[in-house]
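# Residue-level structure breakdown
Next come the chains, spelled out residue by residue.
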Amino acid sequence: MGEPITQDQPGEISPGDVYEDCSFHPVLCTYVDDDEIGGISLIDASSPRACSLSGCAVIKLSIDDVIAANADWPAYLARRKREFGV
């Protein structure tokens, strides 16, 4: 069985949801303002972490993805970079 692939979860992202920012951090959404989304990293608590909804590859994360990222951040980050070809 291969590695899991992170997939965008259905629905719009709202405060209280968890999304992945353009640096692959799982982020607790604290606001959405037109094209900007922001929140607090669930990896290192850095904030504000803000992205453009139209210009960044922001996706809504599942709890399983958040758990995987927190369990082994370096492995999660490496996997996501491979998925993007970075």
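Residues numbered from 1 in each chain as written. Predicted model: local features only at pLDDT ≥ 70, side-chain atom pairs only at ≥ 80, totals over all residues. Heavy atoms only, no water.

Bringing the pairing of strand 2 (residues 26-33) into the picture now. Relative to strand 2, strand 1 (residues 18-20) runs antiparallel, the two sharing three bridges. Opposite tyrosine 19, over in strand 2, you have valine 27 as the bridge partner. Following strand 1, the chain reverses through five residues before pairing antiparallel with strand 2; phenylalanine 24 in that reversal takes a positive phi of roughly 70 degrees. The turn linking strand 2 back onto strand 3 (residues 36-41) is made up of two residues, and aspartate 34 within it adopts a positive phi angle of 55 degrees. (Pairing = 2+ DSSP bridges. Helix = DSSP H or I, 4+ residues; strand = E, 2+ residues; numbered from the N terminus.)

The full count for this structure, using the stated rule, is two aromatic pairs. Residues phenylalanine 24 and phenylalanine 84 carry aromatic rings whose centres are separated by 5.4 Å and whose planes lie at 65 degrees to one another, so their mutual orientation is edge-to-face. Placement of the pair is phenylalanine 24 in the loop between strand 1 and strand 2 and phenylalanine 84 in helix 2 (residues 73-84), with a sequence separation of 60 residues. With relative accessibility at 10%, the residue phenylalanine 24 sits in the buried group. A relative accessible area of 43% places phenylalanine 84 in the partly exposed class. Taking 6.0 Å as the distance between ring centres and 25 degrees as the angle between the ring planes, the aromatic pair formed by tryptophan 73 and tyrosine 76 counts as stacked. Taken together, the residues tryptophan 73 and tyrosine 76, both in helix 2 and three residues apart, mark about one turn of the helix. (Phe/Tyr/Trp six-rings, centres within 6.5 Å; stacked < 30°, edge-to-face > 60°. Buried < 20%, exposed > 50% of the residue type's maximum accessible area, 1.4 Å probe, protein only.)

Moving on, we come to a negative patch on the surface. Among the surface-exposed residues, Asp33, Asp34, Asp35 and Glu36 lie close enough to one another that they form a single negatively charged patch. Looking at where aspartate 34 falls in the secondary structure, it is placed in the loop between strand 2 and strand 3. Accessibility expressed as a relative area gives 74% for aspartate 34, which makes it exposed. (Patch = residues over 30% accessible without salt bridge, like charges linked within 9 Å, V, L, I, M, F, W, Y side chains within 5 Å. Areas by Shrake-Rupley, 256 points an atom, 1.4 Å probe, with all protein chains shown as cover. Salt bridge = Lys/Arg side-chain N within 4 Å of Asp/Glu carboxyl O. Lys, Arg positive; Asp, Glu negative; His and termini not counted. Charge placed at Lys NZ, Arg CZ, Asp CG, Glu CD.)

What follows concerns the packing of helix 1 (residues 63-71) against helix 2. Where helix 1 meets helix 2, the axes come as close as 5 Å, and the angle between the chain directions of the two elements is 120 degrees. It follows from the interaxial angle that helix 1 and helix 2 lie oblique. Seen from helix 1, the contacting residues are Asp65, Ala68, Ala69 and Ala71; seen from helix 2, they are Trp73, Tyr76 and Arg79. A class-by-class count of the residues in the contact of helix 1 with helix 2 yields five nonpolar, no polar and two charged. (Axes fitted to C-alpha atoms, helices over the stretch in contact; angles between N-to-C directions. Parallel < 35°, antiparallel > 145°, perpendicular 65-115°, else oblique. Contact = heavy atoms within 4.5 Å. Nonpolar A, V, L, I, M, F, W, Y, C, P; charged D, E, K, R; others polar.)

This next bit is on the nonpolar core. With nine residues, the main nonpolar core is built from Val18, Phe24, Ile59, Leu61, Val66, Ala69, Trp73, Tyr76 and Leu77. Looking at this core, the elements with two or more residues in it are helix 1 and helix 2. Considering each element in turn, this core owes the most residues, three residues, to helix 2. When near neighbours in sequence (up to four residues on either side) are disregarded, tyrosine 76 contacts Thr6, Glu20, Phe24, Leu61, Asp65, Ala68 and Ala69. One finds Tyr19, Cys29, Cys51 and Val58 within the second-largest nonpolar core, a separate group that totals seven residues. (Core = buried A, V, L, I, M, F, W, Y, C linked by side-chain atoms within 4.5 Å.)

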